[in-house]
Amino acid sequence: MSSLQVGVSDLVNLRYINLSYSNLMGNTPSTISHLSKLVSLDLITNDMELNPFTWKKPILNATNLRELYLDSVNMSSIRENSLSMINNLSSSLVSLSLSYTGMQGNLSSDILSLPNLQKLNLFDNYDLSGQLPKFNWSTPLRYLDLSYITFSGEIPYSIGHLKSLTHLNLRACNFNGMVPPSLWNLTQLTFLNLVANNFEGKISSSLSKLTKLTFLNLGASSFPCLSNLSLSITSLFLTSRFLFSLLRYVPRMNMMLMVTMNTFADDIVIVTVDIRGIWMIKFLILDQISAVLEKQHYCPRNRYNL
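Residues numbered from 1 in each chain as written. Predicted model: local features only at pLDDT ≥ 70, side-chain atom pairs only at ≥ 80, totals over all residues. Heavy atoms only, no water.

## Describing the overall build of the chain
Consideration 1: When helices and strands are counted, the chain shows five helices and 19 strands.
Consideration 2: Counting over 306 residues, the chain shows a buried share of 49%. (Helix = DSSP H or I, 4+ residues; strand = E, 2+ residues; numbered from the N terminus. Buried < 20%, exposed > 50% of the residue type's maximum accessible area, 1.4 Å probe, protein only.)

So this is what it looks like as structure tokens:
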């Protein structure tokens with residue numbers, strides 16, 4: 001299929017459209033706005049373009065829309081005035097995913113505060129900027145990915161009000177200052193990525209309150225509390241210069257460490273798994289690290305599984 005046929009508008013009772021990964025090309029037809037009963041629209045990963053006119057019409061007419069997935073659809077002509085029209089769906093929208101769309105301009109904080117929104121994915125829109133809500137940010141959000149959007153200043157204390165949040169990705173968002181202590185109150189988090197920002201100071205020992213974490217990436221932050229990390233963690237990402245600060249906690253962490261080098265970035269990936277309290281450490285990187293461990297008696301050489 002090379003294009004989305006205009007005739008789809010004749011299906012006036014249609015409620016769900018899922019044409020993801022369908023190799024569609026060309027402009028999204030404006031007649032899709034005739035589907036006023038539409039509840040879910042998924043056009044993910046198609047070589048399509050969405051212009052401001054086509055964007056506005058379904059937003060205004062499909063007032064029951066709960067799910068909108070347009071990842072990788074070209075929305076580079078959509079500016080902030082048009083993007084803010086998403087507020088018209090404030091009473092219905094539950095899931096919004098617009099990653100890799102090339103959107104530009106300022107992201108309205110109102111979109112982050114939609115009262116029923118549970119998933120918001122705006123990953124990898126480099127030309128989008130904005131600020132997180134500083135007040136009254138209490139929504140049912142469970143999934144929030146704003147990575148590679150340009151923000152400024154500190155993460156506001158209000159982020160601690162997102163009590164349902166399980167996935168938080170703020171990678172490369174240009175935040176600075178201290179990580180707010182309210183962040184450690186998000187005890188439902190299973191995924192947390194704060195790497196590639198400009199934070200100051202050390203990560204609080206309150207990190208250990210996040211007992212459901214299975215993925216943690218703090219990059220070049222300091223780690224005063226690694227000995228308290230939950231055994232549920234399966235992935236830790238550190239830059240190489242912080243590996244040695246981790247190793248001194250190894251005897252107190254009842255888990256297996258597998259250390260590998262990420263060839264695409266200057267990160268060392270540490271995958272942790274609890275294996276009946278038996279210590280086995282695989283080192284696939286510098287001999288220097290093995291030597292340090294041997295000197296500290298963390299792991300005898302005959303346990304290496306190279």
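So that's the structure; there's more coming.
## Details of the pairing of strand β15 (residues 215-219)
Consideration 1: Counting buried positions along β15 yields five of five residues, so the element is predominantly enclosed.
Consideration 2: The side-chain alternation of β15 yields two buried faces, one formed by Phe215, Asn217 and Gly219 and the other by Leu216 and Leu218.
Consideration 3: Bridge count between strand β13 (residues 191-193) and β15: three bridges; the pairing is parallel. Among the inter-strand pairings, Leu192 is bridged to a residue of β15, identified as Leu216. (Pairing = 2+ DSSP bridges.)

## What to know about the nonpolar core
Consideration 1: One finds Trp55, Leu68, Leu144 and Leu146 to be the most contacted residues of the largest nonpolar core, which totals 63 residues.
Consideration 2: Contributing elements (two or more residues each) for this core: α1 (52-61), α3 (109-112) and β15.
Consideration 3: Sequence-distant contacts of Leu144, defined by excluding residues within four places in its chain, comprise Leu112, Leu120, Trp137, Leu162, Leu165, His167, Leu168 and Asn169. (Core = buried A, V, L, I, M, F, W, Y, C linked by side-chain atoms within 4.5 Å. Contact = heavy atoms within 4.5 Å.)

## Examining unusual backbone geometry
Consideration 1: Phi at Asn23 is positive, roughly 60°, even though this residue is not glycine.
Consideration 2: In this fold, Asn23 is placed in the loop between β1 (16-18) and β2 (25-27).
Consideration 3: With a phi close to 65°, Asp124 is a non-glycine residue in the positive phi region.
Consideration 4: Mapping Asp124 onto the fold places it in the loop between β8 (119-121) and β9 (128-130).

## Brief notes about the packing of aromatic side chains
Consideration 1: Taken as a whole, this structure holds five aromatic pairs when the rule is applied.
Consideration 2: Between the aromatic rings of Tyr100 and Phe123, the centroid separation amounts to 5.1 Å while the plane-to-plane angle is 80°, which identifies the pairing as edge-to-face. Of this pair, Tyr100 sits in the loop between β6 (95-97) and β7 (105-107) while Phe123 sits in the loop between β8 and β9, placing them 23 residues apart in sequence.
Consideration 3: Phe123 sits in the buried class, given a relative accessible area of 19%. (Phe/Tyr/Trp six-rings, centres within 6.5 Å; stacked < 30°, edge-to-face > 60°.)

## Topic: the confidence of the model for the chain
Consideration 1: With 69% of its residues at a pLDDT of 70 or more, the chain has an overall mean of 77.
Consideration 2: Across residues 248-306, where pLDDT falls below 50, the model places 110 contacts with residues more than four positions away in sequence or in other chains. (pLDDT = per-residue confidence, 0-100.)

## With respect to the environment of Ser182
Consideration 1: As for its position among the elements, Ser182 is in the loop between β12 (176-177) and β13.
Consideration 2: Owing to a relative accessible area of 1%, Ser182 belongs among the buried residues under this scheme.
Consideration 3: Linking Ser182 and Gly160, residues 22 residues apart in sequence, is a C-alpha distance of 4.5 Å.
Consideration 4: Residues contacting Ser182, with those up to four places away along its chain left out, are Pro156, Tyr157, Ile159 and Gly160.
Consideration 5: A polar atom in the side chain of Ser182 sits 2.7 Å from the backbone oxygen of Tyr157. (Polar contact = N/O pair within 3.5 Å; in protein donor to acceptor, adjacent residues only side chain to side chain.)

## Some details on the environment of Thr150
Consideration 1: Position of Thr150 relative to the elements: it lies in the loop between β10 (143-145) and β11 (167-169).
Consideration 2: Using a relative accessible area of 37% as the deciding quantity, one classes Thr150 as partly exposed.
Consideration 3: Placed 25 residues apart in sequence, Thr150 and Phe175 show a C-alpha to C-alpha distance of 8.3 Å.
Consideration 4: Sequence-distant contacts of Thr150, that is, excluding residues within four places in its chain, are made with Tyr126, Leu128, Ser129, Gly130, Cys173 and Asn174.

## Brief notes about α1
Consideration 1: Buried within α1 are the following residues: Thr54, Trp55, Pro58 and Ile59. Along the axis of α1, the buried residues cluster in a sector spanning 125°; they form a single face.
Consideration 2: Taken together, the buried residues of α1 touch β5 (67-69) and α2 (80-83).
Consideration 3: Where α1 begins, the side chain of Asn51 points an oxygen toward the backbone nitrogen of Phe53, at a separation of 3.1 Å. (Arc of directions from axis to C-beta.)

## A word on the environment of Ser33
Consideration 1: Here Ser33 lies in the loop between β2 and β3 (40-42).
Consideration 2: Spatially, the C-alpha atom of Ser33 lies 8.7 Å from that of Lys56, the residues being 23 residues apart in sequence.
Consideration 3: The residues contacting Ser33, other than those within four sequence positions of it, are Lys57, Pro58 and Asn61.

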